[in-house]
Amino acid sequence: MTGTATEPEHGSSPDDTAEVAFTVNGEAVRLVLDTRESLLDVLRERLGLTGAKKGCDHGQCGACTVHADGRRVLACLTLAVQARGRAVATVEGLAAPDGAPHPLQQAFIDHDALQCGYCTPGQIMSALACVAEGHAGDDEEIREYLSGNLCRCGAYPGIVAAVRDYARTTEG
Ligand code: FES
Ligand code: FES
């Protein structure tokens, strides 16, 4: 049978790559990406930034939380091409140049806000945004706005205490 179908033959595929430029922790990055790659995979596997963790890879645990233009995003649900032109920040960019921890990182240490530490980078990136958004007014609000970040070790009391103390230092 003859026809006029214009669909690609089975097995053929369009070019699935794209060149994408963005910044990560202030450093310019330019990569040719598979358009299906997640931002989390690119950060971890291409750029060696393994701070953001792959917990569920389905947007349910918060372990992969990073910032894009100052807003928290789940890197496992963000296509890397969506980072085009944006400023991405990860936990690796928080410490001072001399290695001193960020005040929120120090608060986590002071309050024993971790056990295995797997969720911690995501907790910290989420908490930074939570405080910047003005959603750390009291413990209940902190719990609510960090509710997308799960901790299998149950370190929640320390996490809330750390965020509360850090939020106080940013007031006024
Ligand atoms: Fe992204 Fe769990 S790894 S939300
Ligand atoms: Fe282990 Fe949170 S410290 S999952």
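Engineer: Explain the pattern of salt bridges to me, please; I cannot follow it from the model alone.
Structural biologist: Side chains that differ in sign of charge can pair as their charged atoms come close. Enumeration according to the criterion identifies 10 salt bridges in this entry. Between D69 and R86 there is a salt bridge whose closest N-O contact spans 3.5 Å. Within this pair, whereas D69 is found in the loop between β3 (65-68) and β4 (71-74), its partner R86 is found in the loop between β4 and β5 (87-89), the two being separated by 17 residues in sequence. Classification of D69 by relative accessible area gives partly exposed; the value is 45%. For R86, a relative accessible area of 28% puts it in the partly exposed group. Linked through salt bridges whose partners overlap, the residues forming this network are D16, D34 and R36.

Engineer: What should I look at first to understand the nonpolar core in this one?
Structural biologist: Considering soluble globular proteins, one finds that nonpolar side chains tend to be buried as a cluster. Residues L104, F108, A136, L146, I159 and V163 are the most contacted members of the largest nonpolar core, which totals 24 residues. Of all elements in the fold, only α2 (103-110), α3 (120-132) and α5 (156-170) reach the threshold of two or more residues within this core. Setting aside its immediate chain neighbours within four residues, L104 contacts I124, A127, L128, A162, V163 and Y166. By size, the runner-up hydrophobic cluster in this structure holds 23 residues, among which are V29, L31, V42 and A52.

Engineer: Looking at this model, I keep getting lost on the side chain of E37. Mind explaining?
Structural biologist: Mapped onto the elements, E37 comes out in the loop between β2 (27-34) and α1 (39-46). A polar contact of 2.7 Å, which involves the side chain of E37, links it to the side chain of R46.

Engineer: Honestly, unusual backbone geometry in this entry has me stumped. Any pointers?
Structural biologist: Comment: phi is negative for the bulk of residues other than glycine, and the bulk of peptide bonds are trans. Notably, N25 is not glycine yet its phi reads approximately 50 degrees, a positive angle. Structurally, the position occupied by N25 is in the loop between β1 (17-24) and β2. Backbone geometry places D69, a non-glycine residue, at a positive phi of 50 degrees.

Engineer: Got a minute to help me understand the sheet that holds β1 in this structure?
Structural biologist: Hydrogen bonds between backbone groups are what pair the strands of a sheet, and the pairing can be parallel or antiparallel. Strand order across the open sheet formed by five strands is β2-β1-β5-β3-β4, with mixed pairing between neighbours. The strands lining the two open edges of the sheet, one partner per strand, are β2 and β4. Geometrically, the sheet is characterised by an average inter-axis angle of 40 degrees between neighbouring strands, direction not taken into account. Here β3 runs beside β5; their pairing, made up of two bridges, is antiparallel. By the bridge assignment for β5, H67 is matched with A89. Sheet contacts for α1: β1, β2, β3 and β5; angle to β2, the most-contacted strand, approximately 110 degrees. Sheet strands touched by α3: β3, β4 and β5. Its angle to β3, the strand with the most contacts, is close to 40 degrees.

Engineer: I'm lost on α2 in this one. Help?
Structural biologist: Along an α-helix, a turn takes 3.6 residues, which lines up residues three or four apart on a common side. If you check which residues of α2 are buried, you get L104, Q105, A107 and F108. Down the axis of α2, the buried set is contained in an arc of 155 degrees. They therefore lie on one face. Looking at the packing, one finds that the buried side of α2 touches α3 and α5. D112 lies just past α2 and shows a positive phi near 50 degrees.

Engineer: How do you make sense of the packing of α2 against α3 when you look at a structure like this?
Structural biologist: The description of two packed helices rests on the angle between their axes and on the distance between the axes. Two elements in contact, α2 and α3, have axes separated by 10 Å at closest approach and are oriented at 125 degrees. Of the possible angle classes, the one that applies to α2 and α3 is oblique. Where α2 crosses over α3, the handedness of that crossing is right-handed. Residues L104, Q105 and F108 of α2 form the contact with α3, whose participating residues are T120, Q123, I124, A127 and L128. Looking at the contact of α2 with α3 residue by residue, the classes come out as five nonpolar, three polar and no charged.

Reading the values: rules and limits
Residues numbered from 1 in each chain as written. Chains lettered and ligands numbered in written order. Predicted model: local features only at pLDDT ≥ 70, side-chain atom pairs only at ≥ 80, totals over all residues. Heavy atoms only, no water. Salt bridge = Lys/Arg side-chain N within 4 Å of Asp/Glu carboxyl O. Helix = DSSP H or I, 4+ residues; strand = E, 2+ residues; numbered from the N terminus. Buried < 20%, exposed > 50% of the residue type's maximum accessible area, 1.4 Å probe, protein only. Core = buried A, V, L, I, M, F, W, Y, C linked by side-chain atoms within 4.5 Å. Contact = heavy atoms within 4.5 Å. Polar contact = N/O pair within 3.5 Å; in protein donor to acceptor, adjacent residues only side chain to side chain. Pairing = 2+ DSSP bridges. Axes fitted to C-alpha atoms, helices over the stretch in contact; angles between N-to-C directions. Arc of directions from axis to C-beta. Parallel < 35°, antiparallel > 145°, perpendicular 65-115°, else oblique. Left-handed = near helix turned anticlockwise from the far one by under 90°. Nonpolar A, V, L, I, M, F, W, Y, C, P; charged D, E, K, R; others polar.

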